[in-house]
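Geometric and topological summary
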Amino acid sequence: MKVIHTLCLPIALWMFFSSCSKERLELKPNSSIVTLSTVEDLQHLLDNAQVTNVTGALSQLSSDEYFIVDDKAFDGLNRQTQRNAYVWAPDLYEGEEEPSWNNLYTAVFYANSVLDAMEAKDFDHSDREAENNLKGSALFIRAYSFHDLVRSFAPVYNTSTAARDLGIPLRLSSGIDEIKLRASVDESYRQILADLSVARGLLSNDTSPIYKNRPSLASVFALYARVYLDMGDYLLAGRYADSCLMINHELIDYNTIDIASQYPFHDTGSEVIYFSEQVNAYTTGYTNRYQGTFGMDSLLVSLYASNDLRLPIFFERNSLGNYSIKRGYTRGLYAFTGLAWDEVLLIKAECAARLGDVESAEQLLNELLQKRYRRGTFTLPVFNNADELLTYVLTERRKELVWRGLRWQDIKRLNREGRNIQLSRVIKGQTYTLQPNDPRYVFPIPDNEISLSGIEQNRR
C-alpha cells in the first residue's frame, strides 16, 4: 500500500486567510505563495493525507471493543475528553477542543477550496481527464468527511424522523466567515449521496491504484454501500457493494501472514480500497499497548475459535495477560478506518441475508472465511433460519472489522432495529451503563463551535 504524505502548510494557511471566489484567488502575501491554478497545485493540497484522510476518534473511545484495566490507567489518560468518552459522560469536553469535529471540517475546507479554485477564471483547463479526477476526488473527500461527522454528531438515520432530526452543518464553500446552521439528518445524507453521484462520473476506474489515499471509482461504490447500510436501505447497499466487488476484490489469505509479527500488515495493503486513519489526538491504542493501559473486550476475544487466524494476527497478550490490538492496515500509531474489500464483502453478505438470498450470503462468507481460518479447518455451519444466518454474518462483521471505527455506528443501527445492545463499564467502583438508543450515542457539538456559531446543541 502506498500513501502520499504532502505537507502544504504555507498554501493551506494562505487559503485559510484568503477567500476563494469564482473570479480568482487574489491574495499573494509573499513571493513564495502562488495562485493555485493548475491540477497539480490542487492535487498537492488533497494529497495531504494527515488532513484529508482522517476520521474522528470519539466513536472508538466510546465503543465496547476495549476496556481500561484499572483506575490508575483511567486517571493516566492524556485528555479529559478521553476519560469522559469512556464513561459516556454528558459533559464530554469540559472546554477541550475536539479534533473529531475540527479536523474533519478542515478536510471539508480543503475539498471546498479545491472545488472553488477550479471555478476561478484563471484555472488551467488543459487536462480534462486530470481535472475530472481532481474534482471527483474533492467531492469524495467532502462526502467521506460529512459521513464521518454525521455518524458521530447526529442520530442514526431513521426514515420516520430523519427529516426533523438534527444533522450537521453542510459547508459547501471555502468561505470561512459563513455560518451554516445544522441541516437535518435526511438533508445531510442527501448531500453525501449527491457528492458521490457526481464523483462517480468523474473518478477513474483504476482497478489497482498505486496511492490508496486517492479515491477511485471502487472507493465511491464502497462508500455508497457503507452509507446505504447506515440508512437501512439494504437493497441499495447490497447493489453498490456488488458493483464495488465486481471491479476487483483481492482478499489476503491469512495463512500467508506471520502470526507472530507485531506488524502483520506492515507491507500489505492489498485489501485496502481507500486509506484513512483516526485523528491523532488520543493515545488509547498502540502507544499504550506495552503499558497495560487497556485490553480488548473479553467477550469479543471469546468469539474467535482456536483455528481462527484472526486471533493471533489481530491481537497479542500484554504484560497483564489481557489481549491488546496489533497494528492493522496502517503504518502509523492510529487505527485504520478506511474502506477495504473485506468490509464491502461483509456488507453484501449482510444485505443478502436480510433480503433472503441465503445462497449468496453463504457463498460470500465462505469466500472470506476460508482465508481467515487455518487452511482446511473451516466449514460453514448449517443455519436453521434466516435470523441465524444474519446473526452469524453480524458476528463475523464484528470479528473481521475490529478496531476500525465501525463498531459504534453498528451498535446505533442495530439498536434501531431492536437488537437491544447495552454497554457497561466499571471505574472506581461505579458502574456506568449505556442503554439502547440513549441520547448519548450522539456526541455533543464541541463547546467552541457552539460559542462561535450558535448552532443548536445535541441533547445528552
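One structure accompanies this document, and this report is about it.

The rules behind the values
Residues numbered from 1 in each chain as written. Predicted model: local features only at pLDDT ≥ 70, side-chain atom pairs only at ≥ 80, totals over all residues. Heavy atoms only, no water. Helix = DSSP H or I, 4+ residues; strand = E, 2+ residues; numbered from the N terminus. Expected span 1.5 Å × (residues − 1). Buried < 20%, exposed > 50% of the residue type's maximum accessible area, 1.4 Å probe, protein only. Polar contact = N/O pair within 3.5 Å; in protein donor to acceptor, adjacent residues only side chain to side chain. Contact = heavy atoms within 4.5 Å. Salt bridge = Lys/Arg side-chain N within 4 Å of Asp/Glu carboxyl O. Core = buried A, V, L, I, M, F, W, Y, C linked by side-chain atoms within 4.5 Å. Pairing = 2+ DSSP bridges. Phe/Tyr/Trp six-rings, centres within 6.5 Å; stacked < 30°, edge-to-face > 60°.

Remarks on helix α8 (residues 128-153)
Because the α-helix completes a turn every 3.6 residues, residues three or four places apart line up on one side. With 26 residues, α8 should reach 38 Å at 1.5 Å per residue; the first-to-last C-alpha distance of 37 Å fits that figure. Within α8, 20 of the 26 residues are buried, which leaves it mostly tucked inside the rest of the structure.

Considerations on the side chain of Asp 230
Along the polypeptide, Asp 230 turns up in helix α10 (residues 217-231). Here Arg 151 takes part through its side chain, which lies 2.7 Å from a polar atom of the side chain of Asp 230. Residues contacting Asp 230, with those up to four places away along its chain left out, are His 147, Arg 151, Val 156, Tyr 157, Tyr 189, Gln 409, Arg 413 and Arg 416.

Examining the pattern of salt bridges
A full pass over the atoms with the stated rule returns 32 salt bridges. Close ionic contact of Arg 440 with Asp 438 constitutes a salt bridge, the shortest N to O distance being 3.1 Å. Here the salt bridges share partners, and the residues they tie into one network are Glu 271, Asp 308, Arg 310, Asp 342, Arg 372, Glu 396, Lys 399, Glu 400 and Arg 404.

Considerations on the nonpolar core
One broad trend across soluble globular proteins is that nonpolar side chains are buried collectively. Judged by nonpolar contacts, the single largest core of 142 residues is most densely connected at Phe 140, Tyr 254, Met 296 and Val 402. Examining the composition of this core, we find that 12 residues originate from one element, α10, more than from any other. Setting aside chain neighbours within four positions, we find Tyr 254 in contact with Phe 265, Leu 309, Arg 310, Ile 313, Phe 314, Tyr 329, Lys 371, Arg 372 and Glu 400.

Focus on unusual backbone geometry
Glycine aside, residues mostly have negative phi, and peptide bonds are mostly found in the trans state. Even without glycine at this site, Trp 88 takes up a positive phi of about 60°. We classify Trp 88 as buried; its relative accessible area is 2%.

Considerations on the pairing of strand β12 (residues 430-434)
Residues in a regular strand project their side chains so that they alternate between the two faces of the sheet. Examined bridge by bridge, strand β11 (residues 423-427) and β12 share five bridges and lie antiparallel to one another. Across the sheet, the residue bridging to Ile 427 is Gln 430, located in β12. Connecting the antiparallel pair β11 and β12 is a turn made up of two residues, with Lys 428 showing a positive phi of about 55°.

Some words on the packing of aromatic side chains
Any pair of aromatic rings gets described here by the distance separating the centres and the angle formed by the planes. All chains considered together, the criterion is met by 27 aromatic pairs. The interplanar angle of 55° and the centroid separation of 4.8 Å between the aromatic rings of Trp 101 and Tyr 105 together place this pair among those described as tilted. Of this pair, Trp 101 and Tyr 105 are both found in helix α7 (residues 99-117), four residues apart, which corresponds to roughly one turn of the helix. The residues Trp 101 and Tyr 105 share a single accessibility class, namely buried. Ring geometry for Phe 153 versus Phe 443: centroids 6.5 Å apart, planes at 70°, classification edge-to-face. With Phe 153 in helix α8 and Phe 443 in the loop between β12 and α18 (447-453), this residue pair connects regions lying 290 residues apart in the sequence. The exposure classification of Phe 153 matches that of Phe 443, with both residues buried.

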